[in-house]
Amino acid sequence: NLIKYADVPIAAPSANISGRPSGTNVEDIDQELKDRVDYIIDGGECQIGVESTVVRVIDGIPHILRPGKITAEEIKEVAGSVVIDKHILGKLDANEKVMSPGMKYKHYSPQADVKIIDGDFENFCIYVNNNQGINTFCLLFDDDDTNKINCRYVTYGSDSSQQAHNFFAKLRELDSLNADRIFVRPPQKDGVGLAVYNRLLRAAGFEVIRV
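Residues numbered from 1 in each chain as written. Predicted model: local features only at pLDDT ≥ 70, side-chain atom pairs only at ≥ 80, totals over all residues. Heavy atoms only, no water.

### Observations concerning the overall build of the protein
Counting its regular elements, the protein contains 6 helices and 8 strands. Starting at the N terminus and walking to the C terminus, you meet the elements of the protein as α-α-β-β-α-β-β-α-β-β-α-β-α-β. The C-alpha radius of gyration computed for the protein amounts to 18 Å, which stays within 12% of the reference 17 Å derived for 211 residues, consistent with globular compactness. Overall, the C-alpha framework of the protein stretches about 55 × 45 × 35 Å when taken along its three principal axes. The proportion of buried residues among the 211 residues of the protein is 42%. Residue pairs at least 24 apart in sequence account for 59% of intrachain contacts in the protein once pairs closer than 6 positions are excluded. As presented, the protein carries roughly 11,900 Å² of accessible surface, and 49% of it is formed by carbon and sulfur atoms. Each charge class in the protein can be summarised by its mean position, and for the 24 positive and 31 negative side chains these summaries are 5 Å apart. (Helix = DSSP H or I, 4+ residues; strand = E, 2+ residues; numbered from the N terminus. Rg over C-alpha atoms; globule rule 2.2 N^0.38 Å. Buried < 20%, exposed > 50% of the residue type's maximum accessible area, 1.4 Å probe, protein only. Contact = heavy atoms within 4.5 Å. Areas by Shrake-Rupley, 256 points an atom, 1.4 Å probe, with all protein chains shown as cover. Lys, Arg positive; Asp, Glu negative; His and termini not counted. Charge placed at Lys NZ, Arg CZ, Asp CG, Glu CD.)

In structure tokens form, the structure reads like this:
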């Protein structure tokens, strides 16, 4: 409706301050931007959660520069082949140019220190129980056995689609709970899970602890 009303092309950035978790509902956006903008239009909660897939075609082959809801597997079905850019799961070198929004070294970050704890749930619990502090929280899967951890927590879904939908809102929720450290159970690294993991890596500044 806004596009129809304006009757001109519209280009706009994400509704968040650069470096912060993206806003996916009007409450979070209002909290962050209410003193910086004249109007906020409530179009409802974002259905997908993570931002769009960014693709560049090089020599006829699609290269994914930033993963999103449209997955590498789906692109390959149509195009026959696809290349996943190395920076999706790796850091940019100091002299390398950012080819897509959201690919900076640290991005999408809450106030808390985020750490990815990569391993099975039993070892995750052992690490958390031995390293938690007063304001440590965990970001878990919905179906994790939370009786095994001695730490406050929130959950962000039981599959990649749910995790994509909830990820940014849950980071903002943890800010509201005054978390100073967040131990995260990482999603799968395929399908839309690759997009969630890409955002998580940047929120954590690439701090991955393998257990």
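### A word on the packing of aromatic side chains
Taken as a whole, this structure holds 5 aromatic pairs when the rule is applied. With a centroid separation of 5.5 Å and 80° between ring planes, the pair formed by Tyr 127 and Phe 183 is classed as edge-to-face. Of this pair, Tyr 127 sits in helix α4 (residues 121–131) while Phe 183 sits in strand β7 (residues 181–184); the two residues are 56 residues apart in sequence, bridging distant segments of the chain. Taking the centre distance of 5.4 Å and the plane angle of 55° together, the rings of Phe 167 and Phe 168 count as tilted. For the residue pair Phe 167 and Phe 168, the accessibility class agrees, reading buried in each case. Each residue in the set Phe 141, Tyr 156, Phe 167 and Phe 168 is aromatic and connected to the rest through ring pairs, giving one cluster. Sitting over the face of the ring of Tyr 197, Lys 189 holds its NZ or CZ atom 4.6 Å from the ring centroid. (Phe/Tyr/Trp six-rings, centres within 6.5 Å; stacked < 30°, edge-to-face > 60°. Lys NZ or Arg CZ within 6 Å of the ring centre and 35° of its normal.)

### A short note on the pattern of salt bridges
Enumeration over the complete set of coordinates arrives at 11 salt bridges. The salt bridge partner of Arg 210 is Asp 118, with a shortest N-O separation of 2.9 Å. Placement of Arg 210 in strand β8 (residues 208–210) and of Asp 118 in strand β4 (residues 113–118) is noted, with a sequence separation of 92 residues between them. When its relative accessible area of 18% is taken as the criterion, Asp 118 is described as buried. One continuous salt-bridge network, built from bridges that share partners, spans Arg 20, Glu 32, Arg 172 and Asp 175. (Salt bridge = Lys/Arg side-chain N within 4 Å of Asp/Glu carboxyl O.)

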